[in-house]
Amino acid sequence: MAMTRIRVGLLPSTQFIAGTLPVPKVKNPDTGEVASDLDTGETLHILTVFLMEEGRAEQMKITVPESGLPGGLQPGMPVRVAELFATPWARVFNGQLSNGVAYPGGGAGAGAGQVKAAAPEPVYPVAPESGDDDSRFTNGLAFDVAKAIESHGYPKLPSGP
């Protein structure tokens with residue numbers, strides 16, 4: 001029976017933050033067998049991330065092949081998740097029904113399921129306004145300060161004259 005895979009549409013403003021270090025996905029807890037990609041044989045990892053979108057945050061665990069993990073990944077690091085899918089599942093274990101949604105990061109096959117380090121792009125240095133000759137303060141620095149203030153729950157700073 002084919003599994004249903006639903007592509008997750010993300011807003012351009014959606015951000016992901018790594019919540020934990022990746023851990024190998026365990027296929028069989030009794031034997032400790034590690035899960036691998038059916039097409040490539042590559043070891044699969046579980047990565048806990050925080051999805052932040054439109055003023056809310058959700059914790060998610062996504063499955064990523066080893067080649068899809070960036071080197072030096074640390075908790076708190078911004079990451080970019082490529083091709084996120086939702087796969088509904090259900091099973092009966094010891095007479096009890098359990099169900100949920102799995103989030104494999106990417107499609108089936110080689111090269112799918114990439115998680116990339118998302119280095120924030122600084123907006124400075126920006127050329128100063130005409131007549132401003134103090135190189136310590138740039139428009140980009142002002143934008144970064146405004147973004148930091150907003151990230152702490154303060155209202156968005158107005159722009160314009």
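Here's a quick rundown of the structure. (Residues numbered from 1 in each chain as written. Predicted model: local features only at pLDDT ≥ 70, side-chain atom pairs only at ≥ 80, totals over all residues. Heavy atoms only, no water.)

To continue, consider the pairing of strand β10 (residues 96-104). Here strand β7 (residues 56-65) pairs with β10 via two bridges, running parallel. Within the sheet, the bridge partner assigned to I62 lies in β10 and is Y103. Pairing between strand β9 (residues 85-93) and β10: seven bridges, direction antiparallel. Its bridge partner being in β10, V92 is matched across the sheet by L97. Joining the antiparallel neighbours β9 and β10 is a turn of two residues, in which N94 adopts a positive phi near 55°. (Pairing = 2+ DSSP bridges. Helix = DSSP H or I, 4+ residues; strand = E, 2+ residues; numbered from the N terminus.)

As a further point, take the nonpolar core. Nonpolar side chains in soluble globular proteins tend to be buried together. One finds F16, V49, M60 and I62 to be the most contacted residues of the largest nonpolar core, which totals 13 residues. Broken down by secondary-structure element, the contributors of at least two residues to this core are β2 (15-18), β6 (44-53), β7 and β8 (78-81). Ignoring anything within four residues of it in the chain, the contact list for M60 reads F16, L47, T48, V49, L51, L84 and Y103. (Core = buried A, V, L, I, M, F, W, Y, C linked by side-chain atoms within 4.5 Å. Buried < 20%, exposed > 50% of the residue type's maximum accessible area, 1.4 Å probe, protein only. Contact = heavy atoms within 4.5 Å.)

Here we come to the pairing of β9. Across two bridges, the pairing between strand β1 (residues 6-7) and β9 is antiparallel. Note that in β9 the partner of I6 across the bridge is A86.

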